[in-house]
Amino acid sequence: MSLLEIKNLHCSINGKEILKGVDLTINKGEVHAIMGPNGNGKSTLASIIAGRDTFDVTQGEIIYEGKNLFDLSVEERAAEGIFLGFQYPVEIPGVSIANFMKTAINEQRKYKGLDPMSSMEFMKLMEEKKKIVELGTKLASRSVNEGFSGGEKKKNEIFQMAMLNPTLSILDETDSGLDIDALRIVASGVNALRSNESSTLLITHYQRLLEYIIPDFVHVLFEGKIVRTGPKELALELEEKGYEWLR
Amino acid sequence: MDNIKKAIRPKEEDFADFSCYLTQLETYRINQFNGFFFEKNNNSVLLDRNIIICSIKSAIEKHKSILESTKHLHSFNNDDEGLFIYIPNNITLDTPLQVLDVIKTNEALKIESKTVIIIGENSHVKLIYCDDTINDNISKTENKISVFLEANSSLEYYKMENINNSSSIFTDTNFVLNTNAQLKTFWLSINGGDIKNKLNVSLEGEYSKAELNGLYLVDRDQIVDSEVSVNHNKPNCHSNQLYKGILDDSAKAQFKGHIYVSKNAPYTEAIQNNRNILLTDKAIVNTQPFLEIYNDDVKCSHGATVGQLDESAMFYMRSRGISERSAKMLLMFAFCTEILSKSSIEELVDTLQDIIKRRLHGELSSCENCVLLCSTPCGTSDVDMSKIN
């Protein structure tokens, strides 16, 4: 059984059709990359999977581990193992990372019928996971993303991903705005979390990220449809030729 | 309502069952029951330092010269009840003073009281003024409070309104600041049917500074009115108003913020902000900034917002598995912490956080599912930040 199956997905926003029939299947253990020019629906697709309701899904379905994703709320999807790494992580002044993450973990545990994690366990987990992305020691008490540099924000996304240990990670333009050192740290974080039981969907419009995180499949999302799927070499071809030849 | 009975001096023992919620905080307690001052004998430390705490009546008898040394804005009668606090020059009190204004009544009651507070030159004091009701009976309180800060003095002033929702309280507070005096106020309107505050700050000495903070958390049919006015009468003074509120159900709030800069007050810096979150379509907030500036060499700004909880923050939190309700709680609490972070009394902040958390928790009967972990009754222990860093 595949982990995620998107079938003929159509969606629009304010009457404008953005996705025009997307089909995509992701199996466990796979890394997929979706590339394509800006404004062609990549981030929209990511948001719909995570549950953002600003879009109208007009046709199609998404099956995740045998469940109809549209029957699940945003937080239920998260508890079922879906994680979205945001292109623009949101600043939440006054909410500490520790409280944010502890609440997230324990609410996910509650959903699964597990007891809350103790403070000790939680602190240990935080210590361990923040090393993956080389985030500073004061992380726990800082407000979520407030005053973070672009690089720190993206590292923080990967840190949260590590804390929540998702089954499907969707990383939306995680490479944008990163210098080469930050990119390397973020990529090695993602690689460290790869397993046979989890899958990753990378959304990017640069081939650069894919030098660090090697995908199993590359898809091109162009004008609301996946117009081409290929091996990792497809990314290089796109880098060379651009997207226009796919039209 | 206007025909309700006026309070008479109650018996002290009737208030024996009152316990203050600021249990973690060491304070010098000053008791007022139904608006009447009650002498407490255990504050000998204060007496040793020539601090005067007495009723207005005995202040008029024994300390008339001190009372008259200030240009007080409220007039007094010989039979006035109420409270007089005098801090002589050069006194620094590390432990806060706490005025407990407690109301207990078996029938509808009207309470009028006056308070005069004088902070001497170069003295530094923190004062927490709590309004509490013990039972659910109707009371209607009118307080007039005059506070004088002499040169180089400082005062951190807390007003905590925590009365039952059948009762109303109107507080008219005047602060007068002399040269280089520093005032910081915290107005916390949490419980009460009809809460009105008129706050007037006069900056009468150069380099005086007033930082005025307010937080109102109201629901059901509560009404809270804040009328704040700051008068810059001398050069080089600084004022900053920050009032924030969360309104649920059909609650109503009004904020009128007035900044007056006299032509004699160049180099004034005056800031005003009022921020509101409305949780329902029925909640109403009316915010009115009013700036009256008669000098060109000033820096003034004002801003007002009325909005809902940040949708993108809500989605971000929910995408991590946090339920909608918990995400709301966290955001509302975060909204309040900006005010609390300005306090210098750590133990008080802890307690206030708990009070706010429980207040935000609102009508919900059980706290077992709440993510806002209070240190007392409801919750399990929160993450201990000191151990993480």
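Residues numbered from 1 in each chain as written. Chains lettered and ligands numbered in written order. Predicted model: local features only at pLDDT ≥ 70, side-chain atom pairs only at ≥ 80, totals over all residues. Heavy atoms only, no water.

How should the interface of chain B and chain A be read in this particular structure?
When the parts of a complex come together, some accessible area is lost, and that lost area is often taken as the interface size. Counting residues at the interface gives 29 residues for chain B and 41 residues for chain A. Summed over both sides, the interface of chain B with chain A buries roughly 2,800 Å², with 64% coming from carbon and sulfur. Counting across the chain B and chain A interface gives two salt bridges. Across the pair Arg-318 of chain B and Glu-75 of chain A runs a salt bridge whose closest N-O atoms are separated by 2.6 Å. Where chain B packs against chain A, one counts 11 residue pairs in polar contact (both at pLDDT 80 or more). Contributions of two or more residues to the side of chain B that touches chain A are made by α4 (311–318), α5 (324–340) and α7 (385–388) of chain B. When residues of the side of chain B that touches chain A are assigned to their parent elements, the largest contribution, seven residues, is made by α4 of chain B. Across the side of chain B that touches chain A, the residue classes break down as 12 nonpolar, nine polar and eight charged. (Contact = heavy atoms within 4.5 Å. Buried area = accessible area lost by both parts, 1.4 Å probe. Salt bridge = Lys/Arg side-chain N within 4 Å of Asp/Glu carboxyl O. Polar contact = N/O pair within 3.5 Å; in protein donor to acceptor, adjacent residues only side chain to side chain. Helix = DSSP H or I, 4+ residues; strand = E, 2+ residues; numbered from the N terminus. Nonpolar A, V, L, I, M, F, W, Y, C, P; charged D, E, K, R; others polar.)

Would you mind showing me how to read the domain arrangement of chain B here?
Residue and element names in this part refer to chain B. Taken domain by domain, chain B comprises domain 1 (5–316) and domain 2 (317–389). The partner domain 2 presents 29 residues to the 38 residues of domain 1 that form the contact. Overall, the association of domain 1 and domain 2 removes approximately 3,000 Å² of surface from exposure, summing both partners, and the carbon and sulfur fraction of that is 70%. Our count for the contact surface shared by domain 1 and domain 2 stands at two salt bridges. Arg-359 serves as the salt-bridge partner of Asp-219, at 2.9 Å between the closest nitrogen and oxygen. Elements supplying a minimum of two residues to the side of domain 1 that touches domain 2: β8 (124–133), β10 (154–162), β12 (182–191), β14 (209–218), β16 (238–247), β18 (268–278) and α4. Across the side of domain 1 that touches domain 2, the residue classes tally to 22 nonpolar, seven polar and nine charged. (Domains from an automatic or database assignment.)

Looking at this model, I keep getting lost on the sheet that holds strand β1 (residues 4–13) of chain A. Mind explaining?
Remark on secondary structure: sheet strands pair via backbone hydrogen bonds, oriented parallel or antiparallel. Residue and element names in this part refer to chain A. Taken in spatial order, the four strands of this open sheet run β2-β1-β4-β5, and their pairing is antiparallel. The open sheet has two free edges, formed respectively by β2 (16–26) and β5 (67–68), since each of these has just one partner strand. Inspection of the sheet shows β1 paired to β2 by eight bridges, in the antiparallel sense. Looking at β2, one finds that Cys-11 is bridged to Leu-19. Against the sheet, helix α1 (residues 42–50) touches β1, β2 and β4 (56–64), its axis set at about 110° to β1. (Pairing = 2+ DSSP bridges. Axes fitted to C-alpha atoms, helices over the stretch in contact; angles between N-to-C directions.)

I'm lost on the confidence of the model for chain B in this one. Help?
It should be kept in mind that the predicted coordinates are not to be read in detail where pLDDT is low. All names here are of chain B. Mean pLDDT over chain B stands at 88; residues scoring 70 or higher make up 89%. Counting contacts from residues 363–370, a segment whose pLDDT is below 50, to residues more than four positions away or on other chains yields 10 contacts. For the stretch residues 376–389, pLDDT sits under 50, and the model shows 35 contacts to residues farther than four places along the chain or on other chains. (pLDDT = per-residue confidence, 0-100.)

Whenever I open this one, a negative patch on the surface confuses me. Can you help?
A surface patch of like charges, here negative, comprises Asp-53 of chain A together with Asp-310, Glu-311 and Glu-324 of chain B. In this fold, Glu-324 of chain B is placed in helix α5. Taking the relative accessible area as the measure of exposure, Glu-324 of chain B reaches 38% and is therefore partly exposed. (Patch = residues over 30% accessible without salt bridge, like charges linked within 9 Å, V, L, I, M, F, W, Y side chains within 5 Å. Areas by Shrake-Rupley, 256 points an atom, 1.4 Å probe, with all protein chains shown as cover. Lys, Arg positive; Asp, Glu negative; His and termini not counted. Charge placed at Lys NZ, Arg CZ, Asp CG, Glu CD. Buried < 20%, exposed > 50% of the residue type's maximum accessible area, 1.4 Å probe, protein only.)

Would you mind showing me how to read the sheet that holds strand β12 (residues 225–230) of chain A here?
Residue and element names in this part refer to chain A. The six strands are arranged β6-β9-β10-β3-β11-β12 in an open sheet whose pairing can be described as mixed. Only two strands of the sheet have a single neighbouring strand rather than two, namely β6 (82–85) and β12. Pairs of neighbouring strands in the sheet enclose a mean axial angle of 20°, with direction left out of account. Direction of pairing for strand β3 (residues 31–35) relative to strand β11 (residues 217–222): parallel, over a ladder of four bridges. Its bridge partner lying in β11, Ala-33 is registered against Val-218. Lying over the sheet, α1 contacts β3, β6, β9 (168–172), β10 (199–203) and β11, oriented at roughly 145° with respect to β9.

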